[in-house]
Amino acid sequence: MDLELYITKRYGLKYRSKGIQVKFAVVDKDKSPNYPQNFLCMLPRKIDPNLKIKHKFIDLFGSESPKLAYNLLKEALDNEEDTEVIKDIRSRIKELESIISHDIKCRLCGKTFSNKRNYKRSRICSECKNRIYQENN
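So, here's what we can say about the structure. Small disclaimer: the values here were computed from a predicted structure and weren't measured.

1. Thoughts on the nonpolar core
In this structure, Leu5, Phe24, Val26, Leu43, Phe57, Leu73 and Ile89 are the most contacted members of the largest nonpolar core, which totals 21 residues. The set of elements that each furnish at least two residues to this core consists of strand 1 (3-11), strand 2 (20-28), strand 3 (39-42), helix 1 (56-61), helix 2 (65-79) and helix 3 (83-100). Excluding residues that lie within four positions of it along the chain, Leu5 makes contacts with Phe24, Ala25, Val26, Leu43, Leu72, Leu73 and Ala76.

2. Some points on the pattern of salt bridges
Using the criterion set out here, one finds 6 salt bridges in the structure. Glu127 serves as the salt-bridge partner of Lys111, at 3.2 Å between the closest nitrogen and oxygen. Here Lys111, found in the loop between strand 4 (103-105) and strand 5 (112-114), pairs with Glu127, found in helix 4 (residues 126-136); they are 16 residues apart in sequence, far enough to count as distant. When salt bridges that share partners are traced, they join Lys9, Asp82 and Glu84 into one network.

Rules used throughout
- Residues numbered from 1 in each chain as written.
- Predicted model: local features only at pLDDT ≥ 70, side-chain atom pairs only at ≥ 80, totals over all residues.
- Heavy atoms only, no water.
- Core = buried A, V, L, I, M, F, W, Y, C linked by side-chain atoms within 4.5 Å.
- Buried < 20%, exposed > 50% of the residue type's maximum accessible area, 1.4 Å probe, protein only.
- Helix = DSSP H or I, 4+ residues; strand = E, 2+ residues; numbered from the N terminus.
- Contact = heavy atoms within 4.5 Å.
- Salt bridge = Lys/Arg side-chain N within 4 Å of Asp/Glu carboxyl O.

Fair warning: the whole summary comes from geometry, so function is off the table for now.
Structure representation (structure tokens):
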């Protein structure tokens with residue numbers, strides 16, 4: 001599969017929408033060279049396989065979807081020239097980086113540590129936690 005993003009920019013015409021809307025469609029270049037025939041799905045704003053709401057993109061690519069979306073957005077960022085679209089791509093990349101990387105810098109000692117907990121992320125490494133709890137006991 002030769003995946004690529006097809007980016008469209010629309011101005012908000014309805015009363016609820018404000019400003020410019022940037023839509024990202026995931027297309028497969030192996031199917032057809034033209035847009036409507038090679039459409040797979042839309043790229044959702046939040047890409048997290050652990051969410052209750054399943055988007056078509058997550059159904060198609062599963063747990064690989066955050067990394068794939070990150071790579072597609074990076075490739076689109078290199079090819080894009082419109083400043084508003086670049087701004088939207090960068091904001092999506094920033095959201096995806098927090099999902100992909102689990103490395104966090106400790107607030108006390110400054111070392112980086114891996115945190116794979118999905119619900120409440122710790123900001124203190126295990127060594128500092130042990131030191132704090134040993135002092136209190």
